[in-house]
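Single-letter residue listing:
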Amino acid sequence: MVCKSLLGFGKQLLRIKVVDCNAEESRLSRCLNTFDLIALGVGSTLGAGVYVLAGAVARENAGPAIVLCFLIAALASVLAGLCYAEFGARVPKTGSAYLYSYVTVGELWAFITGWNLILAYVIGTSSVARAWSATFDELIGKHIEQFFRVHMSMKAPGILADYPDIFAVFIILVLTGLLAFGVKESAMVNKVFTCINVLVLLFVVVSGLVKGTIKNWQLTEEEMINGTNISTFNLTEEKSQVWKYGAGGFMPFGFSGVLSGAATCFYAFVGFDCIATTGEEVKNPQRAIPIGIVASLLICFVAYFGVSAALTLMMPYYMLDKNSPLPVAFKYVGWEGATYAVAVGSLCALSTSLLGAMFPMPRVIWAMAEDGLLFRFLAKVSQRTKTPLIATLTSGATAAIMAFLFDLKDLVDLMSIGTLLAYTLVAACVLVLRYQPDQPSLAYQMANTTDESELNESVSNSDSQLGFLPEEDEKCTLKTLLFPKNRNPSRLSGFAVNICASVLGVLIFTFCLITVLGGAATWSIVCLVLLAFSIAGITAIIWRQPENKTKLSFKVPLLPFLPVFSMFVNVYLMVQLGKGTWIRFAIWMVLGFCIYFGYGIRHSTEAVLAQSGTEVTRNGYKQTQVFNGDTMAPEKEAFLDDEESDARNPWNAEEGDP
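Presented here is an overview of the structure given in this document.

Looking at the environment of S101
Then, number 1: Tracing the backbone through its elements, the reader meets S101 in helix α5 (residues 97-102).
Then, number 2: Taking the C-alpha atoms as reference points, S101 and A427, separated by 326 residues in sequence, lie 9.9 Å from one another.

Here it is in structure tokens:
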């Protein structure tokens, strides 16, 4: 009895959502095009970091080889981007990684993903708003900071900020109003600021090519020591008796420095995932979302690469200012007037980055509330503007309160956990779904076509794939796994991939944990070798399984290797975060589990439908059917002929389904 109860509870945690992508109707306004998505991705990703990060990484980690850091980081980010692009083509609905997890690995993992995305977006919004306020205040002589330090100082070090940032609150409230007013208007503002930012960066790149010299990539250690002794530009730190700027040349800190810099530069590409939350607000999402993600990452890479190259060509890397590298570099080459253009560009970059953090937050909250995992009043949509009004106002108010009271420097790493966890789960979901049998309602096949002839062909293919059902004598043996007889996925091969992907996730986490904590000890090396062979073996088993032949407008290439490598990169970056960050993450998760087990698990749409035992098509979400007390699995429903299906499901006839 106890085992049966535990089994039922486990099934509740892992119940999945079946999405009917054939439903065109949406409660949100479909008004965005591909260019809007590219501008949103570029604006969110190409934030103020481009004006600061290049100087810090070049000076302390990589030197002129920072261009390689951005190249490696871009390649690692593209892995996650390709996985998001496939899901954008497969499940073009609002929810991003939350929804992708829900349709693949189940409700609990979906809630964990969505809950952490909310945290990442809230902290991102608050921290960027404070950065915007600080940047603007610095341009006008820090009068705002001085006023509030004198009249509204908060003496609670380690808990609250030194002073409340009312200007940051004002910025958040203005953008919250803009987002509530309409998505088209928000997209227009974002495009204007993004274009200004890109033009400023283009000016920086051209300036570097004009005023720079290749000699700054060929410096010797002796030249650098002499240059440091006479330089008036290396003023960000007191001079040290120990030389710490490498051996000179293009790669002064070696390849290890390049890898270290690439890990830091990886976070510069975070933000493109906001495109995936626009599934119900973009025209032709199956095409626009993949193009938007890939194009925005490409544009951001070109910008980062060009700015870092220009910066290190204009000024020796060891003289770069860690906090304001571009103004100091322009001063070094005698173009002090260009600092005003840099100031305008940085404010525009902060504006688009702030809008990019605020845009997806209410949409994830709305999607979770629509599914019943969060309180349903958050799912209210404005009839006039077609925006998630309550979710937008709630998320904006929360971010404003945090920006008002907290400094957030200690919480910024929590953004990384939420984002990297989402990247990891999306890669794992792609790995799992590509090896599963076709879904009955063509939920995923519908997402690949708008042409009727292609749709009919897809239906025909699904009906003709009875051969992928497992044979009566099909058993799970090593020979069956390595040399499957079927050319199409079967239940056995799909189940094997599910198990292998789960084990693979555990092995990758263990491998990365030992890599970070084990050092060069003998036991650590032995464990890493064994784990590496195990990971390679399980990846090979997945590779041998037949792939699903469903047509999609975009698919991740080189399966299963790209998703596996993406999982490895993301998990490795996660385990490098500090102990304090993981403690804060645990506290946030405890709060989330209280909401889920106290409310979500009983009020979710899937739970309600499981209790009622009927199929309901609501807002484009098509659920599993229950007849005569027996649950009809999706695979079973797919192979009922039309007459038998109509006889067992009179509901369809009443609704007019074919």
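Regarding the packing of aromatic side chains
Ring pairs (aromatic) are described by centroid distance and by the angle formed between their planes.
Then, number 1: According to the stated counting rule, one finds 32 aromatic pairs in the structure shown.
Then, number 2: Residues F167 and F170 carry aromatic rings whose centres are separated by 6.3 Å and whose planes lie at 25 degrees to one another, so their mutual orientation is stacked. With a gap of three residues between them, F167 and F170 both fall in helix α8 (residues 166-181), about one helical turn apart.
Then, number 3: With centroids separated by 5.9 Å and ring planes inclined at 50 degrees, the aromatic side chains of F593 and F597 adopt a geometry described as tilted. One end of the pair is F593 and the other is F597, both in helix α23 (residues 579-603) and four residues apart, which spans about a single turn.
Then, number 4: Here the aromatic residues Y84, F87, Y100, F266, Y267, F272 and Y423 are joined through ring pairs into a cluster of three or more.
Then, number 5: Sitting over the ring of Y163, R130 keeps its end group 6.0 Å from the ring centre.
Then, number 6: A cation sits over an aromatic face here: R363 above F359, 4.0 Å from the ring centre.

Comments concerning the packing of helix α20 (residues 491-518) against helix α22 (residues 561-575)
Then, number 1: Relative to each other, α20 and α22 sit at 45 degrees, their axes nearing to 9 Å. Taken together, the axes of α20 and α22 lie oblique to each other. Read as a crossing pair, α20 and α22 show a hand that is right-handed. Contacts between α20 and α22 involve L504, G505, I508, F509, F511, C512, L513, T515 and V516 from the former and V564, M567, F568, V571, Y572 and V575 from the latter.

Some remarks on the pattern of salt bridges
Then, number 1: Applying the stated criterion across every chain yields a total of nine salt bridges.
Then, number 2: Note that D36 and K191 form a salt bridge whose closest N and O atoms lie 2.8 Å from each other. With a gap of 155 residues between them, D36 in helix α2 (residues 34-45) and K191 in helix α9 (residues 183-211) connect regions that are remote in the sequence.
Then, number 3: A relative accessible area of 13% places K191 in the buried class.
Then, number 4: The salt bridge partner of E547 is R434, with a shortest N-O separation of 3.1 Å. Taken as a pair, E547 in the loop between α21 (522-544) and α22 and R434 in the loop between α17 (412-433) and α18 (452-463) lie far apart in primary sequence, 113 residues in all.
Then, number 5: Exposure remark for E547: the relative accessible area of 26% places this residue in the partly exposed category.

Definitions and limits used
- Residues numbered from 1 in each chain as written.
- Predicted model: local features only at pLDDT ≥ 70, side-chain atom pairs only at ≥ 80, totals over all residues.
- Heavy atoms only, no water.
- Helix = DSSP H or I, 4+ residues; strand = E, 2+ residues; numbered from the N terminus.
- Phe/Tyr/Trp six-rings, centres within 6.5 Å; stacked < 30°, edge-to-face > 60°.
- Lys NZ or Arg CZ within 6 Å of the ring centre and 35° of its normal.
- Axes fitted to C-alpha atoms, helices over the stretch in contact; angles between N-to-C directions.
- Parallel < 35°, antiparallel > 145°, perpendicular 65-115°, else oblique.
- Left-handed = near helix turned anticlockwise from the far one by under 90°.
- Contact = heavy atoms within 4.5 Å.
- Salt bridge = Lys/Arg side-chain N within 4 Å of Asp/Glu carboxyl O.
- Buried < 20%, exposed > 50% of the residue type's maximum accessible area, 1.4 Å probe, protein only.

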